[in-house]
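Spelled out from the first residue to the last, the chains are:
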Amino acid sequence: MAARVREPSVTRRPDDVPAIELVDVHKSFGNFDVLRGITFSVPRGKTFVIMGGSGTGKSVTLKHIIGIVQPDSGDVLVDGESVPRMDRKGLMHLRKRMGYLFQDGALINWMTIFDNVALPLRENTRMSKSEIEDRTMEVCELVDLAHSIQKFPANISGGMKKRAGLARTLVTEPEVVLYDEPNAGLDPVMSDKINQLILEVQERFQVTSVVVTHKRACAYTTGDMIALIKDGVIVEQGTRDYMRASDHPLVRAFLGGID
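What you see is a predicted model; the values in this text were computed from it and never measured.

**A word on the packing of aromatic side chains**
Under the counting rule described, the total for this entry stands at 1 aromatic pair. For the ring pair phenylalanine 40 and phenylalanine 48, a centre distance of 4.4 Å and an interplane angle of 15° mean the geometry is stacked. With respect to burial, phenylalanine 40 and phenylalanine 48 carry one shared label: buried. When the ring centre of tyrosine 220 is taken as reference, the NZ or CZ atom of arginine 244 above it lies at 4.0 Å.

Here you go:
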């Protein structure tokens, strides 16, 4: 049976205010400069893809958006509000509006898939038991896991763990979804399924998404805009068509072929 997932209740804000904006963000850890002036903006309902080699600051950029990491200088804005200036209450409210898909799915090993997906609702909402069960089944159906809800993470494949992580990310109906290497460790067939799920979520619910990846297929399938980071700075960014036509040598190295 097809999932009947409800569209998230989104507070309407002026269209000219980006959903996410980073302005000249710098971040160092010790003597290592990770970000050296990152600037980009993501319009509401669009998907922004960040590419680059290992250690270039892609995941650190995501952590700035959700407020896990604070910039040394510059600013991070969500719906025009400065994340670094938020107090604890503001950060908690921000994170309830966001979903974060970790590289490994970050599932709890001693809980079933159903309980992993339902956990955010049980911990952060006042929904009834039946409402939680209905909502959890809806998102499990969306990611094609309804047949595996009583299994444990140790008994499912890497691709199923990613889908379970995605279901848990979506169960709270977030306005913003952050994806950290959603294809990592997956074979080409499962990678394509994850890409299509990301695209379906964005098109169906008009969420704003930021995707960190090193996969061309993921970037071209999911991204409305693509940025390429090297040594903590964005060397090129633009629409899919712009990046596809770019003659920048690093862009050609990352986006010039087929996975």
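**Some thoughts on the pairing of strand S10 (residues 233-239)**
Pairing of strand S9 (residues 225-230) with S10 involves 6 bridges; the strand directions are antiparallel. The residue of S10 that forms the bridge with alanine 227 is glutamine 237. Linking S9 back to S10 in an antiparallel pair, the connection comprises 2 residues, with aspartate 231 at a positive phi of about 55°.

**Thoughts on helix H6 (residues 188-205)**
Compared with an ideal rise of 1.5 Å per residue, which puts 18 residues at 26 Å, H6 spans 26 Å between its outermost C-alpha atoms and is within 8% of the ideal. Among the residues making up H6, those that are buried are Met190, Ser191, Ile194, Asn195, Leu197, Ile198, Leu199, Val201, Gln202 and Phe205. Looking at the buried positions of H6, the neighbouring elements they touch are strand S3 (47-52), helix H4 (129-142), helix H5 (158-170), strand S7 (176-180), strand S8 (208-212) and helix H7 (216-222). If you check the start of H6, you find a side-chain oxygen 3.0 Å away from the backbone N of valine 189, and it comes from aspartate 187. Just downstream of H6, glutamine 206 is the residue with a positive phi angle, here 55°.

**Digging into the sheet that holds S10**
To summarise the sheet geometry, strands pair through backbone hydrogen bonds and adopt either a parallel or an antiparallel arrangement. The strand order across the open sheet formed by 6 strands is S6-S7-S8-S3-S9-S10, and the pairing between neighbours is mixed. At either end of the open sheet lies a strand with only one pairing partner, and these are strand S6 (98-101) and S10. Strand-to-strand twist across the sheet, computed as the mean angle between neighbouring axes with direction ignored, equals 15°. Bridging between S3 and S8 involves 4 bridges; their strand directions are parallel. Within the sheet, the bridge partner assigned to phenylalanine 48 lies in S8 and is valine 210.

**A closer look at the environment of arginine 36**
Tracing the sequence through the fold places arginine 36 in strand S2 (residues 32-42). Remark: the alpha-carbon pair of arginine 36 and valine 233, spanning 197 residues in sequence, is separated by 5.6 Å. One polar contact links the side chain of arginine 36 to the main-chain carbonyl oxygen of aspartate 231, over a distance of 2.7 Å.

**Section: the sheet that holds S2**
In space, the 4 strands of this open sheet follow the order S2-S1-S4-S5, with antiparallel pairing throughout. Every other strand in the sheet has two partners, leaving S2 and strand S5 (81-82) as the edge strands with one partner each. Pairing of strand S1 (residues 20-29) with S2, which is carried by 8 bridges, proceeds in the antiparallel orientation. Residue valine 25 lies in a different strand from S2, and its bridge partner there is isoleucine 38. Packing of helix H1 (residues 58-65) onto the sheet brings it into contact with S1, S2 and strand S4 (73-78), and relative to S1 it is tilted by some 120°.

**Thoughts on unusual backbone geometry**
Even without being a glycine, aspartate 79 presents a positive backbone phi close to 55°. Here aspartate 79 is to be found in the loop between S4 and S5. Positive phi values are uncommon outside glycine, yet glutamate 181 reaches one of about 50°. As for its placement among the helices and strands, glutamate 181 is situated in the loop between S7 and H6. By relative accessible area, glutamate 181 is classed as buried at 8%.

So, how was this worked out
- Residues numbered from 1 in each chain as written.
- Predicted model: local features only at pLDDT ≥ 70, side-chain atom pairs only at ≥ 80, totals over all residues.
- Heavy atoms only, no water.
- Phe/Tyr/Trp six-rings, centres within 6.5 Å; stacked < 30°, edge-to-face > 60°.
- Buried < 20%, exposed > 50% of the residue type's maximum accessible area, 1.4 Å probe, protein only.
- Lys NZ or Arg CZ within 6 Å of the ring centre and 35° of its normal.
- Pairing = 2+ DSSP bridges.
- Helix = DSSP H or I, 4+ residues; strand = E, 2+ residues; numbered from the N terminus.
- Expected span 1.5 Å × (residues − 1).
- Contact = heavy atoms within 4.5 Å.
- Polar contact = N/O pair within 3.5 Å; in protein donor to acceptor, adjacent residues only side chain to side chain.
- Axes fitted to C-alpha atoms, helices over the stretch in contact; angles between N-to-C directions.

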